[in-house]
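Results of the structural survey
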Amino acid sequence: MPHSARHLVAHNRAHPAGAVLPEHRHAQGQLGIPLTGTMTIVTPTARWLAPPGRGIWTPPEEPHAGHYGEASAIVQVLVPPPACAGFPAIGGIIEVSPLLRELALEATRLAPGDPAESPLIALMQREVARPMAGPALHVPLGRDPRLAVVMRRLIDEPDCPLGVEALATTCGASPRTLARLFRAETGMSFSRWRDHLRINLAVERLARGEPVTRIAFDLGYQSAAAFTTMFGRLTGTPPARMQRALRSAQTP
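Predicted model only: the values in this text are computed from it and were never measured.

Take the overall build of the protein chain next. A count of helices and strands for the protein chain gives nine helices and 10 strands. The globule rule puts the C-alpha radius of gyration for 252 residues at 18 Å, and the 19 Å found for the protein chain is close to it. With the C-alpha coordinates aligned to their principal axes, the bounding extent of the protein chain is approximately 60 × 35 × 30 Å. In the protein chain, which comprises 252 residues, the share counted as buried stands at 50%. Excluding contacts between residues fewer than 6 apart, the proportion of contacts in the protein chain whose partners are at least 24 apart in sequence is 74%. Taken as a whole, the protein chain presents about 11,400 Å² of accessible surface, with 56% of it coming from carbon and sulfur. Taking the 26 positively charged and 20 negatively charged side chains of the protein chain as two groups, their mean positions are separated by 5 Å.

Summed over the entire model, instances satisfying the criterion amount to 13 salt bridges. Glutamate 127 is paired through a salt bridge with arginine 126; the nearest N and O atoms lie 3.5 Å apart. Taking the relative accessible area as the measure of exposure, glutamate 127 reaches 3% and is therefore buried. Among the salt bridges present, the one from arginine 130 reaches glutamate 127, with a minimum N-O distance of 2.9 Å.

Relative to the helices and strands, isoleucine 155 is located in helix H3 (residues 145-156). Given a relative accessible area of 15%, isoleucine 155 falls into the buried group. Other than its neighbours up to four places away in sequence, isoleucine 155 contacts Arg47, Leu141, Leu197 and Leu201.

Quick look at the packing of helix H6 (residues 190-207) against helix H8 (residues 224-235) now. Two numbers describe how H6 lies on H8: the axes approach to 10 Å, and their chain directions differ by 100°. Between H6 and H8, the crossing angle belongs to the class labelled roughly perpendicular. Packed against H6, whose contacting residues are Arg192, Asp195, His196, Ile199, Ala202, Val203 and Leu206, the element H8 presents Phe227, Met230, Phe231, Arg233, Leu234 and Thr235 at the interface. In terms of residue class, the contact of H6 with H8 is built from eight nonpolar, two polar and three charged.

This next bit is on the side chain of histidine 7. Looking at where histidine 7 falls in the secondary structure, it is placed in the segment before strand E1 (9-15). Residue histidine 7 is classed as buried on the basis of its relative accessible area of 18%. Polar contacts involving the side chain of histidine 7 include one to the side chain of glutamate 117, which spans 3.5 Å.

Take the sheet that holds strand E9 (residues 92-95) next. With antiparallel pairing, the five strands of this open sheet are ordered in space as E1-E8-E3-E6-E9. At either margin of the open sheet sits one strand with a lone partner, and together these are E1 and E9. Each strand of the sheet is rotated relative to its neighbour by a mean of 25°, with strand direction disregarded. Where strand E6 (residues 54-58) lies against E9, four bridges are found, and the strand directions are antiparallel. For tryptophan 57, the partnering residue across the bridge sits in E9 and is glycine 92.

What counts, and where the lines are drawn
- Every chain begins its residue count from 1, and numbering advances along the sequence as written.
- Whole-chain, interface and lining totals are the exception, using all residues; otherwise, since this is a predicted model, local features are given only for residues with pLDDT of at least 70 and side-chain atom pairs are given and counted only at 80 or more.
- No hydrogens and no water enter the side-chain calculation; it runs on all heavy atoms of the structure.
- Note on conventions: DSSP H or I runs of at least 4 residues are helices, E runs of at least 2 residues are strands, and numbering of each starts at the N terminus.
- With the radius of gyration taken over C-alpha atoms, the globule rule is written as 2.2 Å times the number of residues to the power 0.38.
- Burial status follows relative accessibility: with a 1.4 Å probe on protein chains alone, a residue under 20% of its type maximum counts as buried, one over 50% as exposed, and anything between as partly exposed.
- Should any heavy atoms of two residues lie within 4.5 Å, those residues are considered in contact.
- Note on areas: Shrake-Rupley, 1.4 Å probe, and residue coverage restricted to the protein chains presented here.
- Positive charge is attributed to Lys and Arg, negative charge to Asp and Glu, and no charge count is given to His or to the chain ends.
- Lysine's charge is taken at NZ, arginine's at CZ, aspartate's at CG and glutamate's at CD.
- A carboxyl oxygen of Asp or Glu within 4 Å of a side-chain nitrogen of Lys or Arg is what we treat as a salt bridge.
- Angular values range over 0 to 180 degrees, each being the angle between N-to-C directions of two axes fitted as lines to C-alpha atoms, with helices fitted over their stretch in contact.
- To sort the angles, those under 35 degrees are grouped as roughly parallel, those over 145 as roughly antiparallel, those from 65 to 115 as roughly perpendicular, and the leftovers as oblique.
- When residue character is reported, Ala, Val, Leu, Ile, Met, Phe, Trp, Tyr, Cys and Pro are called nonpolar, Asp, Glu, Lys and Arg charged, and the others, Gly included, polar.
- Throughout this description, a polar contact denotes any pair of N or O atoms lying within 3.5 Å of each other; where both atoms belong to protein, one of them has to be capable of donating a hydrogen while the other can accept it, and for residues adjacent in sequence the pair is counted only when both atoms sit in side chains.
- Any two strands with at least two DSSP bridges between them are considered paired.

Below, the structure written as structure tokens:
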């Protein structure tokens, strides 16, 4: 193992709007914390979105790609494998408290092997373990090639009006098979999965300050009211209120 992988290593990263990092993996665990903008991590089984106030934990050796829908400033913390036992065993969204954000920023100032490394990691482990309030902004992905075709289309065309019956013809599956695949591989019905996808896409755009009405129509809703109702039902917060919270969470 390279010497640098045995110690906590953290960097400030800046990504332009539209940046895509191809699939890769790290020997260490990765904690990504957006300071401004958003980050999306895609693994073979999930799509995770983190606006400011959230972070994404990726365990060691987990294949993942990165997507940045807007100009984003990120703190990337690479945790040495022995210390990863104190972090979640599986990847996902985490709550980023003000303390965790400051710990990550402090980590960027440490030299490898600094005596402060161990207590810093212990504090990070404690903060990451805190329960998360609000939606996780997680969309499970399917491995079946037929399911993957449909999911890719809906991600690329969130306003697609087609239902299960019509989409089944595009992937070589019967409507019953496609509906079964959604439940078996995501734990959700087709319609619920699409609602969760649209929530994720909406939050990314809300963080950019886009108008709620434009987001609603771009995502395929017939009215801003219909979008607001769905958004509030799944997140517990109206989109306009979440937008204010997301914008206030941006760290200069």
